[in-house]
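These are the residues of each chain, in order.
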Amino acid sequence: MDPPATLSRLRAGRSGCVYCDFAAESRLTVKLPAQYLCRLCLGSILFVICVFSAQAHDPGLSSATVTVGDRQIDVLLGFADRDVESLLTTSGSGPDLRGAERFEGIRGQLESLAAREVSLFLDEVTAIPDQPIAKRKDGRNIEILLRFERTNATRAHLVSKLFERLPFGHREFVTVRTTSGASLGEAMLSAKENSVQIDLPAISSSTVSARGDHSFLAFLMLGVEHILTGYDHLLFLFALLVVCRDLRSILTVITCFTIAHSITLALSTLDVVRLPARIVEPLIAASIAYVGFENLLRGDSPKWRWLITFSFGLVHGLGFADALREFGIGSGQFGIVWPLVGFNLGVEVGQLSVAAVVLPILWQLRKNHGFARQWVPVCSVAVTLAGSYWMVERILQK
């Protein structure tokens, strides 16, 4: 080897060895993107930290056990203490649940929240829960029981809006079963999918029979209460009776009113005929004003009073039907017949009770000729003014 040539190659950074020269060139090449390698390493470290941080802050998993019985549906919610703190957090820091006294302090707030944010729909009708019950399951978990009365609906829809208050990514495992333990399904709920559909099993025949009896009595009382507290219906009835002079005219008026409102009550409840309340309510008030005005014009026992009574009775029946709809009547064959018959019979009982009290007083007063000549017109004017006022008020409110 030529010493001058070797020395020249060493000064140029080459050793003359092919492998050594390639390694040297490789080291020089690696030094150029060093800043990029640093960024890559730093990004990898940050990614690992984020992954471990996410695993260290689990968004949580709660539970909901739905138990379907013949008479009721129970929804038992289960939450860890940290989930309850998230539910009740309003300003960045949740309540301290350690200790029985601290839990008693937030029990009412927790029960109200569950009743407000967890909904159960039975064939699209909102079910109203009984008083919720919150209690401690153990040292780290809390349970909330929501109990709903079951109807004859064939499908239930459970919706939870509690995810809006829980950490992002929180999940809820839902188990649906019967009281005997038979599984009806499972689901995993989240903020994106916060509801579950439940196909309800058939109700046993013995429960249907017992429920029918109970519903009949309950809606019988509801019908009595509705007519006794319905000042517009009572005033209409009074305007009809105040000009009746004998028992025959009274029975004719009451019978026509009963038949008419029974027809539209049934048709409206069965969804054969339906008018919105913004039309029905002003019409009821208009019927009161008309009868009072007719009393002024025609005096005692106006001709064709039975026809007027029947016509306006149809309108009042639509108003009675609105009261039934507020209780979700109209789903399932057993869910219509008993409530409809009971409510209608209750209206008649209340109506006859009012007539039994008012008529003897009116008959006694009519023995005084001055009453028929002076006070009947005065009462008719009062009825006309009241009906007109309610009609205008209801039109403006709608």
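Residues numbered from 1 in each chain as written. Predicted model: local features only at pLDDT ≥ 70, side-chain atom pairs only at ≥ 80, totals over all residues. Heavy atoms only, no water.

### Points about the overall build of the chain
A tally of regular secondary structure across the chain gives 12 helices and 10 strands. Burial analysis of the chain (398 residues in total) assigns 39% to the buried set. Taking as baseline every contact in the chain between residues at least 6 positions apart, the subset at least 24 positions apart corresponds to 75%. (Helix = DSSP H or I, 4+ residues; strand = E, 2+ residues; numbered from the N terminus. Buried < 20%, exposed > 50% of the residue type's maximum accessible area, 1.4 Å probe, protein only. Contact = heavy atoms within 4.5 Å.)

### Remarks on a nonpolar patch on the surface
A contiguous nonpolar surface patch, about 470 Å² in accessible area, is contributed by I259, I263, L267, L270, V272 and V273. Within the secondary structure, V272 sits in the loop between α8 (247–269) and α9 (277–298). Residue V272 is classed as exposed on the basis of its relative accessible area, which comes to 56%. (Patch = residues over 30% accessible without salt bridge, like charges linked within 9 Å, V, L, I, M, F, W, Y side chains within 5 Å. Areas by Shrake-Rupley, 256 points an atom, 1.4 Å probe, with all protein chains shown as cover. Salt bridge = Lys/Arg side-chain N within 4 Å of Asp/Glu carboxyl O.)

### Some thoughts on α8
Since the α-helix turns once every 3.6 residues, residues separated by three or four places project in the same direction. For α8, spanning 23 residues, the distance from its first C-alpha to its last is 33 Å, which sits close to the expected 33 Å at 1.5 Å a residue. Looking one or two residues beyond α8, the residue adopting positive phi is D271, at roughly 65°. (Expected span 1.5 Å × (residues − 1).)

### Let's talk about the packing of aromatic side chains
Aromatic ring pairs: the centre-centre distance and the angle between the two ring planes describe each pair. In the structure shown here, the tally under the stated rule is four aromatic pairs. Ring-pair connections join several aromatic residues into one group, and the members of that group are F236, F257, Y290 and F312. (Phe/Tyr/Trp six-rings, centres within 6.5 Å; stacked < 30°, edge-to-face > 60°.)

### Details of the nonpolar core
Core analysis: the biggest nonpolar cluster contains 37 residues, and V66, L77, F79, L110, L120 and L122 have the highest contact counts within it. Considering each element in turn, this core owes the most residues, five residues, to helix α5 (residues 100–117). Residues within four places of F79 in sequence aside, it is in contact with S62, V84, L87, R140, N141, I142, I144, L162, L166 and E172. Counting residues in hydrophobic clusters, the runner-up holds 26 residues, among them L237, I254, F312 and V376. (Core = buried A, V, L, I, M, F, W, Y, C linked by side-chain atoms within 4.5 Å.)

### Structural notes on the pairing of strand β7 (residues 155–160)
Pairing between strand β3 (residues 118–122) and β7: five bridges, direction antiparallel. By the bridge assignment, L120 is partnered in β7 with L158. Here β7 pairs with strand β10 (residues 195–199) via five bridges, running antiparallel. Opposite H157, over in β10, you have Q197 as the bridge partner. (Pairing = 2+ DSSP bridges.)

### What to know about unusual backbone geometry
Of note, D123 is a non-glycine position whose phi angle comes to about 50°, a positive value. Along the chain, D123 turns up in the loop between β3 and β4 (125–126). For D123, a relative accessible area of 28% gives the class partly exposed. One non-glycine residue with positive phi stands out, namely E124, at about 70°. Within the secondary structure layout, E124 lies in the loop between β3 and β4. Taking the relative accessible area as the measure of exposure, E124 reaches 79% and is therefore exposed.

### Some thoughts on the sheet that holds β3
With respect to topology, four strands assemble into an open sheet ordered β4-β3-β7-β10, the strand pairing being antiparallel. Only two strands of the sheet have a single neighbouring strand rather than two, namely β4 and β10.

### Digging into the pattern of salt bridges
In total, this model carries eight salt bridges according to the counting rule given. Notably, a salt bridge pairs D81 with R136, separated by 3.1 Å at the nearest N-O pair. A residue pair is termed long-range when its members are at least 10 positions apart, and D81 in helix α4 (residues 81–88) and R136 in strand β5 (residues 133–136) qualify at 55 residues. One network of salt bridges, with partners in common, ties together D232, E281 and R394.

### Comments concerning the pairing of β5
By the bridge criterion, four bridges tie β5 to strand β6 (residues 141–149) in an arrangement that is antiparallel. Directly across from R136, in β6, lies its bridge partner I142. Once β5 ends, the chain turns through four residues before running back antiparallel as β6.

### Focus on the environment of V383
Within the secondary structure layout, V383 lies in helix α12 (residues 369–397). Remark: the alpha-carbon pair of V383 and N295, spanning 88 residues in sequence, is separated by 9.7 Å. Setting aside anything within four residues of it in sequence, one finds V383 in contact with L235, F238, A239, I288, A289 and G292.

### Section: the sheet that holds strand β8 (residues 171–178)
Spatially, β5-β6-β2-β1-β8-β9 is the arrangement adopted by the six strands of the open sheet, whose pairing is mixed. The outermost strands of the open sheet, each flanked by one partner alone, are β5 and β9 (183–189). Looking at each pair of strands side by side, their axes are set apart by 15° on average, direction ignored. With respect to the sheet, α4 is in contact with β1 (61–68), β2 (72–80), β5 and β6, its orientation differing from that of β2 by roughly 100°. (Axes fitted to C-alpha atoms, helices over the stretch in contact; angles between N-to-C directions.)

### A word on helix α7 (residues 231–241)
With eight of 11 residues buried, α7 lies mostly within the body of the structure. Of the residues making up α7, those classed as buried are D232, H233, L235, F236, L237, A239, L240 and L241.

### Re the confidence of the model for the chain
Taken over all residues, the pLDDT of the chain has a mean of 78, while the share at 70 or more is 74%. With pLDDT under 50 throughout, residues 22–32 is counted as low confidence; its partners more than four residues away or in other chains account for one contact. Note on residues 47–57: pLDDT under 50 across the span, and zero contacts to partners over four residues away in sequence or across chains. (pLDDT = per-residue confidence, 0-100.)

### Observations regarding the environment of V66
Position of V66 among the secondary structure elements: in strand β1. Linking V66 and L76, residues 10 residues apart in sequence, is a C-alpha distance of 6.4 Å. Those residues within four positions of V66 in sequence are excluded, and the remaining contacts are I73, D74, V75, L158, V174, T175, V176, R177 and I198.

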